[in-house]
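Breakdown of the fold
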Amino acid sequence: MSVRLGARDVSRAFGPVRANEGVSVEIRAGTVHAVVGENGAGKTTLMRILYGLDQPDSGTVVINDQPVRLRGPADGIGHGIGLVPQELAMIGSLTLLENLVLGTEPRSGPRIDWARARGEAEELASRVGVELPWTALADNVSISVRQQVEILRALRRGADVLILDEPTAALAPAQVDDLLRLLRGLREAGRTVVFISHKVDEVLAVADEITVLRGGKVITTRPVGDLDRTSLIELIVGQQVGFTGFVPSAVTGDEVLTVAGSVSLSVRAGEIVGVAGIAGSGQDELVERVVGLRPPDGRITLAGQDISTLPVDRRRAAGLGYISGDRRSEGLSMDASLADNTIAGTHRTLGRHGWLKPSAVRAYAKRVLDGYSVRYGRTTAVARTLSGGNQQRVVIGRELDRDPKLLVAAGPTRGVDVLGMTYIHDKLRALRDNGSGVLLVSEQLDELLDLSDRIIVLHGGRVAGEVPGGPASRTAIGTLMLGRTPS
Amino acid sequence: MTVSMLGGLLMSALLLWTPLALAALGGLLHRVSGVVNIGLEGQMLTGALVGAVVSGATGDWALGVLAAGAAGGLIGLLMSLCITRLGANEIIAGLGFTIVLSGLIGYLLRSVFDVSGTLRVAGLDPLPRILGLDPLFWLTIIFVPLIGWSLRNTVAGLRLRATGDGFDAANALGLPANGIRDIAGTLAGVFAGIAGSHLVLGQVGLFNENMVAGRGFIALAAFYFGRARPLPTALACLLFAVFDAAQARLQTAGVPAQLIQTLPYVVVIAVLTATAVRGVRGRVRRAG
Amino acid sequence: MSVCPRSNPDKYSRVLTSGFRAVVPFVIALVIGGAVLLATGHNPLAFYQLLVRESFGGTDRIAATLSAATPLLFTGLATAIAFRAGVFNVGVEGGFVLGGLTGATVALHAGLLAGCVAGALAGVLVSALPAWLKARWNVDEVVTTLMSNFVVAGLTGWLVTAFLQAKGVANSATPLIPRSAWLPDLLPPYGLTSGVLIALVLVMLYAVWIKHSVLGYELRQTGLNPRFSAAQGIRVGRVIIVSMLISGAIAGLGGAAHALGVVHRFVDGFSPGYGFTGIAVALLGRNSAVGVVLGAVLFGALASAGTTAQLFSDIPLDIVDVLSGTVMVFAVIRLWRQR
């Protein structure tokens, strides 16, 4: 028996999006196998299929060299496959021990045998070399600890193949090291680990074999020895599409934004300032403080005016634009009409004596939607009916049409295809060249390097350092993101 | 106030406590599973009628109590199914069920029993006394620590808590979260039904369509006050029962009964506010 | 990554589905009510025919139906406004009752107009505390508004017996309001008062206001997606408070109109749950103006026809509660599933 878990020619489409196309992988028993690729490369779809959460349109899942049909996660569990999802299934008000045994409690009659549960927990923990505060509430421990419990739970339920979906996304560097050590421990205990990630360094540090996905297809599977950092990045990114290359700002003017507090920075007119950092390093807090959705922890000025205590509408009136990183629940109101989505924030200036004239609303919405090439039927259609890229254009149009002095753009191309990405990048540069300031927060390093004139790197809620834009800063950013200083 | 007056007050408070605490414990179980049960009032009324009729027909109080529990449980299950399977809003379903049940019972009284509002059941077997108090009182006394212990230490208790606090997580772990809620809803109905039967068999001796008189909502107030923990909830019920028992006595001293009746509700608003304020403050501190 | 294909239903089919959604709960209620009637030896079809005749068969009956619908127009509208802003206000009953007592008392001394204004203000008073608690501290408005109903019930009972009791009346009631302060009758000799006109005007204002005013826009957006609204600069807390205060004012005005038009005083049992039926009205009408009118008329028809049907058959009025309660339970299923 060599292939513990695999896929043979698996395809899966969601509407027009081909998430997996003829994907074949072979994961050998007792190895750590990394599946890498950019956001949207099809990693999560593949993992859901391998676990039984989703079924392929064509092709089969292979378990122990045999093709099998997984009808649901129960089948996957039955074959000894465990999934540690990104959204951990941990219940905050229960203790770690309670979370561990929930659903498969050791019992004596109706009672839970707590002594035995505790014994099993300690035994499992020592086998993989971790120590856990079993009586602490899950709410009161770090994500890293919760993740370890989740892993132990999968093991306790009999999994000998563990699939971890982007397990390091929300972890601090030290915690990442702990996790990687745990994964190696699992391999030594004879388990198989499937490690999904888009972070090159982690993958190279822990994996035996690496499968690269791009655009829903397998690019290659190679032993880790055949790869180095550069070659792996090239394989993941492929030919650079959607990036027009770094074009620095021609002229910069006065400061349009200054932030002083736990994070301090400034943005000048005619400048794009990027913000980088691993997820949860303080980006969300920074954005929410600038926009006015979170109480300030210092002084914020917009074009010289102190806006720290102003509500959102007054900040917008002072020249702030905001592209939310959460399009589905903050950037757009999915069940509201396109017109209502477009006039949001401008509706007070559109109104006359407290009334909105329907024809004026329609005309305004049409002008904005047409101006930003949104493909739509009527302005009364609800936002949900548009494709993701078109939805984002509605947001872009709404925010840029007001010609903001400062635009806060959080993940402006998230979930947008290559064509849409180029379009949005062009618009952001045009805004900058028109003399506006842009604060750009993004998880995509290439986007930051390509667009930003300067990049601020956050780590642990503070500024770790600043680098100039352009491809040369890539390594320095990576080091700063981990909280180290570049040599 | 003399000692005997105090003793009398305490005895009537304990008598009033039993149905409140039973219904509140039922509501508490439902709450722990993640559903706010606003239908206790109607379930109590159903239990009261069924308890009266069955006790009268069989001449056995125990059968009356069991039948009341069964009827309440059936209603509780139906209500829970509306919530878990049809996606009804729990608040509206609770209010709607209470309206339906009080309408149905008024209808049955007038059209089948041919009485207007009050039903005297011949041969009704009232609850006996054990050590001066009825068996349902002692049962409730046992239930308070038993439920507390079970929630902590049994498989059912753990799963109930898990469903309430992490519905999706429980589902993801393969627990039948909706089914667990249905069981909790049924139990709430059983408790409320038995509580209703106590009003007839343990207190008044006849059925009246207005006899529950908001006790289901006071029970709701009690488990909110007790933050869904058995002992504090039972103590809240005791407090409300003392208000109720003292009402008549205080009224002669010039304190209006209607105002005393509003106390449980005022207390709940105050407690909710205090909890929310603490929650917001706590969050701010953690974030900052 | 997944793309959820979703068709854009045209307006015609949208109207059809929402009509269907409103009919289903009624059908279920008729079936359940029919089962109860059958089980107790009555012919449901004959009874339902009687109901229809007694609610719409003739000017007098239509007047009675509209009269019964009037308080429900107020409470339904009050509920709908709060629901539209995403505030689950179940405290309209309390506003209605306090509005009734206040209206009746003020009108006794200061006349019709003052009575109406005072009633509306009383309703505002009832909704103000839950509104502020929700907006400022995010206190769950469902429980606070529900509880406020009972607080108001006790408070009004006390106020009447302690201060406002009419002399020589057995049950607890305030003195009869002088005829000059009554809401004028619309269709004498039928008991339809001009209260229904006030209610209908309010509903029409609501229809226009919610759709075309700046505040109405903010209210709709807050109800649909408060996070989005806050990010676009809508002051969500303020919108919540405004919606609750308007809701309270309409509830209180409804109580005053009921006192000044129909009961002509405040008595114990002033509202047989108009506020709660108003929830069903708003849900069934999906918080729209037209829906509220239709819902109020349907429930009004049930109530008025049930009352007279009780006289002609030996079927107790309580069957109407069975029907309307069932509609309430099932109306919700439809509304919340589409979210």
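Reading the values: rules and limits
- Residues numbered from 1 in each chain as written.
- Chains lettered and ligands numbered in written order.
- Predicted model: local features only at pLDDT ≥ 70, side-chain atom pairs only at ≥ 80, totals over all residues.
- Heavy atoms only, no water.
- Helix = DSSP H or I, 4+ residues; strand = E, 2+ residues; numbered from the N terminus.
- Rg over C-alpha atoms; globule rule 2.2 N^0.38 Å.
- Buried < 20%, exposed > 50% of the residue type's maximum accessible area, 1.4 Å probe, protein only.
- Contact = heavy atoms within 4.5 Å.
- UniProt positions renumbered as here; feature names shortened; annotations may be inferred.
- Expected span 1.5 Å × (residues − 1).
- Arc of directions from axis to C-beta.
- Pairing = 2+ DSSP bridges.
- Axes fitted to C-alpha atoms, helices over the stretch in contact; angles between N-to-C directions.
- Buried area = accessible area lost by both parts, 1.4 Å probe.
- Salt bridge = Lys/Arg side-chain N within 4 Å of Asp/Glu carboxyl O.
- Phe/Tyr/Trp six-rings, centres within 6.5 Å; stacked < 30°, edge-to-face > 60°.
- Patch = residues over 30% accessible without salt bridge, like charges linked within 9 Å, V, L, I, M, F, W, Y side chains within 5 Å.
- Areas by Shrake-Rupley, 256 points an atom, 1.4 Å probe, with all protein chains shown as cover.

As recorded in an unreviewed UniProt entry, chain B goes by Branched-chain amino acid transport system / permease component and comes from Kibdelosporangium persicum.

Scanning chain C from terminus to terminus reveals 13 helices and zero strands. Mapped from its N terminus to its C terminus, chain C presents α and β elements in the order α-α-α-α-α-α-α-α-α-α-α-α-α. Its C-alpha radius of gyration of 20 Å places chain C within 12% of the 20 Å reference for a compact globule of 339 residues. Each principal axis of the C-alpha atoms in chain C carries an extent, and together these give about 75 × 50 × 30 Å. Buried residues in chain C amount to 58% of all 339 residues. Within chain C, contacts between residues separated by at least 24 positions form 74% of all contacts whose residues are at least 6 apart in sequence.

The next point concerns the UniProt feature "transmembrane region" (unreviewed entry) in chain B. Residue and element names in this part refer to chain B. Residues given the UniProt feature "transmembrane region" (unreviewed entry) here are residues 61–84, 91–110, 130–151 and 262–280. Secondary structure over residues 91–110 splits into 100% helix and 0% strand, and the C-alpha atoms at its two ends are 29 Å apart. Taken end to end, residues 130–151 comprises 77% helix and 0% strand; its first and last C-alpha atoms sit 28 Å apart.

What follows covers helix H4 (residues 114–128) of chain A. Residues and elements named next belong to chain A. Its 15 residues give H4 an end-to-end C-alpha distance of 21 Å, which sits within 8% of 21 Å, the value for a rise of 1.5 Å per residue. Residues of H4 that are buried include every one of Ala117, Ala121, Leu124, Ala125 and Val128, and no others. When H4 is viewed along its axis, its buried side chains cluster within an angular range of 95 degrees and face the same direction. Opposite the buried face of H4, at more than 90 degrees from it, the exposed residues are Ala115 and Ser126.

Attention shifts here to the sheet that holds strand S16 (residues 299–302) of chain A. Residues and elements named next belong to chain A. A sheet is described by the order of its strands in space; here four strands give the open sequence S14-S13-S16-S17, paired in antiparallel fashion. The open sheet has two edge strands with one neighbour each: strand S14 (265–268) and strand S17 (305–306). With two bridges connecting them, S16 and S17 associate as antiparallel partners. Residue pairing across strands places Leu302 opposite Gln305, the latter belonging to S17. Across the sheet, helix H9 (residues 283–291) lies against strand S13 (255–260), S14 and S16, angled at about 120 degrees from S13, the strand it touches most.

Residue-level contacts link 42 residues of chain B with 43 residues of chain C. Surface buried jointly by chain B and chain C totals about 3,500 Å² across both partners, of which 83% is contributed by carbon and sulfur atoms. Contact with chain C buries area across many residues of chain B, yet Ile92, Tyr107 and Ile269 of chain B alone supply 19% of it, more than any other trio. There are one salt bridge connecting chain B and chain C.

Residues and elements named next belong to chain A. The final tally for this structure, using the stated rule, is 42 salt bridges over all chains. For Arg398, the salt bridge identified is with Glu399, shortest N-O distance 3.0 Å. As far as the burial class goes, Arg398 and Glu399 line up, both buried. Of the charged contacts, one joins Asp453 and Arg432 as a salt bridge, the two residues approaching to 3.1 Å between their closest N and O atoms. With a gap of 21 residues between them, Asp453 in the loop between helix H17 (445–451) and strand S21 (454–459) and Arg432 in helix H16 (residues 418–433) connect regions that are remote in the sequence. Classification of Arg432 by relative accessible area gives buried; the value is 2%. What emerges from the salt-bridge pattern is a single network uniting Asp113, Arg116, Glu120 and Arg156.

Take the side chain of Thr70 of chain C next. Residue and element names in this part refer to chain C. Inspection of the secondary structure puts Thr70 in helix H3 (residues 59–84). A relative accessible area of 9% means that Thr70 is categorised as buried. Look past the residues within four positions of Thr70 in its chain and what remains in contact with it is Gly195, Val196 and Ala199.

Scanning the entire structure with this criterion turns up 15 aromatic pairs over all chains. Between Phe137 of chain B and Trp138 of chain B, the ring centres sit 5.0 Å apart and the planes meet at 80 degrees, which makes this aromatic pair edge-to-face. Among the residues examined, Phe137 of chain B registers a relative accessible area of 5% and is labelled buried. Trp138 of chain B sits in the partly exposed class, given a relative accessible area of 27%. Residues Phe47 of chain C and Tyr48 of chain C carry aromatic rings whose centres are separated by 6.1 Å and whose planes lie at 50 degrees to one another, so their mutual orientation is tilted.

All names here are of chain A. Taking every second residue as pointing to the same face, both faces of strand S6 (residues 81–84) are buried, with Ile81 and Leu83 on one and Gly82 and Val84 on the other. Note that S6 and strand S9 (residues 161–165) share four bridges and pair parallel. Paired with Gly82 across the strands is Leu162, a residue of S9.

Residue and element names in this part refer to chain B. Assignment of secondary structure puts His198 in helix H8 (residues 177–204). Among the residues examined, His198 registers a relative accessible area of 0% and is labelled buried. For the pair His198 and Val65, spaced 133 residues apart in sequence, the C-alpha to C-alpha distance is 7.8 Å.

Moving on, we get to the environment of Val271 of chain B. All names here are of chain B. Inspection of the secondary structure assignment puts Val271 in helix H11 (residues 257–287). Residues Val271 and Leu108, spaced 163 residues apart in sequence, show a C-alpha to C-alpha distance of 39 Å. Apart from the residues lying within four places of it in its own chain, the contact partners of Val271 are Tyr224 and Phe225.

Attention shifts here to helix H6 (residues 155–165) of chain B. With eight of its eleven residues buried, H6 of chain B lies for the most part within the structure. Taken together, the buried positions of H6 of chain B are occupied by Val155, Gly157, Leu158, Arg159, Leu160, Arg161, Ala162 and Thr163 of chain B.

With that out of the way, let us pick up a nonpolar patch on the surface. Taken together, Leu74, Leu77, Leu78 and Leu81 of chain B make up a surface patch of nonpolar side chains, about 310 Å² in accessible area. Within the secondary structure layout, Leu77 of chain B lies in helix H3 (residues 61–84).

With that settled, consider the sheet that holds strand S12 (residues 217–223) of chain A. Residue and element names in this part refer to chain A. Spatial ordering of the open sheet is given by S6-S9-S10-S3-S11-S12, a layout of six strands whose pairing is mixed. The open sheet has two edge strands with one neighbour each: S6 and S12. Neighbour-to-neighbour, the strand axes of the sheet open up by a mean angle of 15 degrees, direction not taken into account. Examined bridge by bridge, S9 and strand S10 (residues 192–197) share five bridges and lie parallel to one another. Counterpart to Asp165 in the pairing with S10 is Ile196.

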